[in-house]
Amino acid sequence: MIDHWWTTRPKRKLITIVDTLRIFTAVAEGQRWRGNRDLHLRFEGALEQEEIKRAGERRDQQAGGGRTYAAWLYSFGLWFDDTDGLARLTFAGEDLVKGEAPVPIMTKQVLDFQYPSPFSHITRVNPRYRLFPFRFLLKLILHRRLDGTLSKKEIARFAITKASTDNDLDEVAQTILTYRNSGEDDAVFDGTFEDAFGKISELEDVANTFINQLEFTQLIERIAGSDRI
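Parameters and conventions
- Residues numbered from 1 in each chain as written.
- Predicted model: local features only at pLDDT ≥ 70, side-chain atom pairs only at ≥ 80, totals over all residues.
- Heavy atoms only, no water.
- Helix = DSSP H or I, 4+ residues; strand = E, 2+ residues; numbered from the N terminus.
- Expected span 1.5 Å × (residues − 1).
- Buried < 20%, exposed > 50% of the residue type's maximum accessible area, 1.4 Å probe, protein only.
- Contact = heavy atoms within 4.5 Å.
- Patch = residues over 30% accessible without salt bridge, like charges linked within 9 Å, V, L, I, M, F, W, Y side chains within 5 Å.
- Areas by Shrake-Rupley, 256 points an atom, 1.4 Å probe, with all protein chains shown as cover.
- Salt bridge = Lys/Arg side-chain N within 4 Å of Asp/Glu carboxyl O.
- Lys, Arg positive; Asp, Glu negative; His and termini not counted.
- Charge placed at Lys NZ, Arg CZ, Asp CG, Glu CD.
- 1 Å grid on protein atoms, 1.4 Å probe; cavity = no way out; pocket = protein on both sides within 12 Å on 5 of 7 lines; lining within 4 Å.
- Points joined across faces, edges and corners; volume = space filled by probe spheres on them.
- Nonpolar A, V, L, I, M, F, W, Y, C, P; charged D, E, K, R; others polar.
- Axes fitted to C-alpha atoms, helices over the stretch in contact; angles between N-to-C directions.
- Parallel < 35°, antiparallel > 145°, perpendicular 65-115°, else oblique.
- Left-handed = near helix turned anticlockwise from the far one by under 90°.

## Some thoughts on helix α1 (residues 17-28)
Thought 1: For α1, spanning twelve residues, the distance from its first C-alpha to its last is 16 Å, which sits close to the expected 16 Å at 1.5 Å a residue.
Thought 2: For α1, a buried count of nine out of twelve residues is recorded, marking the element as mostly surrounded by other parts of the structure.
Thought 3: Along α1, the positions that sit buried rather than exposed are I17, V18, T20, L21, I23, F24, T25, V27 and A28.
Thought 4: Its buried side turned inward, α1 meets α2 (37-49), α3 (64-75), β1 (79-81), β2 (87-89), α4 (91-98) and α5 (102-112).

Laid out in structure tokens, this is it:
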């Protein structure tokens, strides 16, 4: 079970998500996706043909790359399994495929990303997380005790591990403030942190994914020359 915030990341940014969805629609819409390895392989091959995914990365014929890209689309509510188990686009997915402006649509989908959800159940994110993580990050940036910024390190160490619900907002903000005032990178940790949550470097990769995805909404910006938003 994953005991921190988590979201899949076949691409670092959401720029290619519309093209990926169009390919998924052409290959898989109206077909049974779950457990259909041949369909997964066709989708993966189509992604490679359109240069969304680099060819030659496949280690076997299990189509893990195709499933990862499909999970990426699924996590943002762009398709679902109907009552017959067939892949169908959501209204948001349909609008993207029709060519509607992607930023407003994906802004809503990003802000509506939540735990728990069908995606978090499939990926086995700990059910103690019950919040909208991207909204939580925006609230944290605006917190009265902070300075209107967050760093990748702060998100990795505190937001994605300590924020289970919106009720944790003040506590997480205080922990970040303590961390900033300590003057030492890992001064606020005890020896059990990585045992509980995994390596700091891996958590920073997760935090960077959340930053990249939120950046697509244009609600945040990176501060030049730093890891802060």
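Still to come is the rest of the account.
## Observations regarding α2
Thought 1: Over its 13 residues, α2 extends 18 Å from the first C-alpha to the last, a length consistent with the 18 Å expected when each residue adds 1.5 Å.
Thought 2: Within α2 the residues assigned to the buried category are L39, H40, L41, F43, E44, A46, L47 and E48.
Thought 3: On the buried face of α2, the contacting elements are α1 and α3.
Thought 4: A positive backbone phi angle near 60° is found at E51, which sits one or two residues after α2.

## Remarks on a negative patch on the surface
Thought 1: A grouping of E194, D195, E202 and D205 is seen on the molecular surface, where their side chains present a negatively charged patch.
Thought 2: Sorting the residues of the negative patch by element identifies α10 (193-197) and α11 (200-215) as the ones contributing at least two each.
Thought 3: Looking at the element boundaries, D195 is found in helix α10.
Thought 4: Among the residues examined, D195 registers a relative accessible area of 69% and is labelled exposed.

## Points about the layout of surface pockets
Thought 1: Considered as a void within the structure, the largest pocket measures approximately 250 Å³ in volume.
Thought 2: Ranked by the residues each element gives to the lining of the largest pocket, the list is headed by α5, at three residues.
Thought 3: A class-by-class count of the residues in the lining of the largest pocket yields seven nonpolar, five polar and two charged.

## Let's talk about unusual backbone geometry
Of all residues except glycine, most have a negative phi; of all peptide bonds, most are trans.
Thought 1: Backbone torsion omega between Y115 and P116 reads -5°, so that peptide bond is classified as cis.
Thought 2: As for its placement among the helices and strands, P116 is situated in the loop between α5 and α6 (118-123).
Thought 3: Its identity is not glycine, yet E51 carries a phi of approximately 60°, on the positive side.
Thought 4: Checked against the element boundaries, E51 lands in the loop between α2 and α3.
Thought 5: One non-glycine residue, Q218, lies in positive phi territory at about 70°.

## Things to note about the packing of α1 against α2
Thought 1: Closest axis-to-axis distance for the α1/α2 pair is 10 Å, and the angle between their directions is 140°. Comparing their axes, α2 and α1 come out oblique. Between α1 and α2 the crossing geometry is right-handed. Contact residues: α1 offers T20, I23, F24, V27 and A28, while α2 offers L39, R42, F43, A46 and L47.

The values reported here are purely geometric and, on their own, carry no functional implication.
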